[in-house]
Structure formats: C-alpha cells, structure tokens
Amino acid sequence: VNKVCYEVQRDEAFREQVRKDPDGTFKGMGLTPDEIQAFKSGDIAGLYRLGGHPFLMQHLWRAKLFGLTRELHFERIGKVLEGA
C-alpha cells in the first residue's frame, strides 16, 4: 500500500498508469484483492487498516486519484484516527 502511494507521488508515468488502468497496474504489484478494492474506492480508512501510512496516502488526493479530495481524505482518515 505504501509503495503505491509513494510511487504515485514520485513517478508521473506510474501515476498516469494508475489513473488509466488501476486493475492492470495493481495486478503486477502483489496487492491483495482487499487492497485493490480499497484503492479503487478511495477507502482511506481501509487502506490505513491495511497498513497505509497517513502521510503517504495524502499523495492519492494530491494526484486526484480515486475520487479523493483533500477534504474527503481528512474526513475519512479522521474518523479512523479518532477511534484509535
């Protein structure tokens, strides 16, 4: 999960590949079906529970992936962190 978030920020070609073909991109990365579904649905809370680092996951909304916005990201992660 964290590698995907890092690469989204670091590699423009990877970011565009994720945007155009997330299934194809994720297929070769060893992600579980739960991780893939969490990414595709913008489930920040789910990604966090699967080991995603809150800072790295911010790269997803910054890249405008999976329907995420800054506000939506912080709303979703905030609910998880409040319960932690």
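Here the residue index of a chain counts from 1 through its sequence in written order. In keeping with the model being predicted, local features are shown solely for residues with a pLDDT of at least 70 and side-chain atom pairs are shown and tallied solely at 80 or more, while totals for entire chains, interfaces and linings include all residues. Calculation of side-chain values draws on the structure's entire complement of heavy atoms; hydrogens and water are dropped beforehand.

Some remarks on the packing of aromatic side chains
Thought 1: Ring pairs are drawn from Phe, Tyr and Trp, using the six-membered ring of Trp, whenever the two centres fall within 6.5 Å, and their geometry is named by plane angle: stacked under 30 degrees, edge-to-face over 60, tilted for the rest. Under the counting rule described, the total for this entry stands at four aromatic pairs.
Thought 2: For the pair Phe26 and Phe66, a centre-to-centre distance of 6.3 Å together with 35 degrees between the ring planes defines the contact as tilted. Taken together, the residues Phe26 in helix H3 (residues 22-27) and Phe66 in the loop between helix H6 (54-62) and helix H7 (70-83) connect sequence positions 40 residues apart. The two residues Phe26 and Phe66 agree in class, both being buried.
Thought 3: Pairwise contacts between aromatic rings join Phe26, Phe39 and Phe66 into one cluster. A helix here means a DSSP run of H or I that spans at least four residues, while a strand means a run of E at least two residues long, and both kinds are numbered starting from the N terminus. When a residue's accessible area, from a 1.4 Å probe over protein chains only, is under 20% of the maximum for its type it is buried; when over 50% it is exposed; and in between it is partly exposed.

A few points about the environment of Gly67
Thought 1: Tracing the sequence through the fold places Gly67 in the loop between H6 and H7.
Thought 2: Among the residues examined, Gly67 registers a relative accessible area of 60% and is labelled exposed.
Thought 3: In sequence terms Gly67 and Tyr6 are 61 residues apart; their C-alpha atoms lie 18 Å from each other.

Overview of the nonpolar core
What tends to happen in soluble globular proteins is that the nonpolar side chains get buried as a cluster.
Thought 1: Of all hydrophobic cores here, the largest spans 22 residues; its most connected members are Phe26, Phe39, Leu47 and Leu60.
Thought 2: Only helix H1 (2-10), helix H2 (12-20), helix H4 (33-40), helix H5 (44-49) and H6 provide two or more residues apiece to this core.
Thought 3: The greatest single-element share of this core, amounting to four residues, is contributed by H6.
Thought 4: Whether two residues are in contact is decided by their heavy atoms, any of which lying within 4.5 Å being enough. Other than its neighbours up to four places away in sequence, Leu47 contacts Val1, Glu35, Ala38, Phe39, Gly52, Met57 and Leu60. Remark: nonpolar core denotes a set of buried residues (Ala, Val, Leu, Ile, Met, Phe, Trp, Tyr, Cys) joined through side-chain atoms within 4.5 Å.

Comments concerning H2
Working note: α-helix, 3.6 residues per turn, so residues spaced by three or four point in the same direction.
Thought 1: Regarding H2, the residues found buried are Phe14, Arg15 and Val18. Down the axis of H2, the buried set is contained in an arc of 100 degrees. They therefore lie on one face. Of the residues in H2, the exposed ones pointing more than 90 degrees away from the buried face are Glu12, Ala13 and Lys20. Here the arc refers to the set of directions running from the helix axis out to each C-beta atom.

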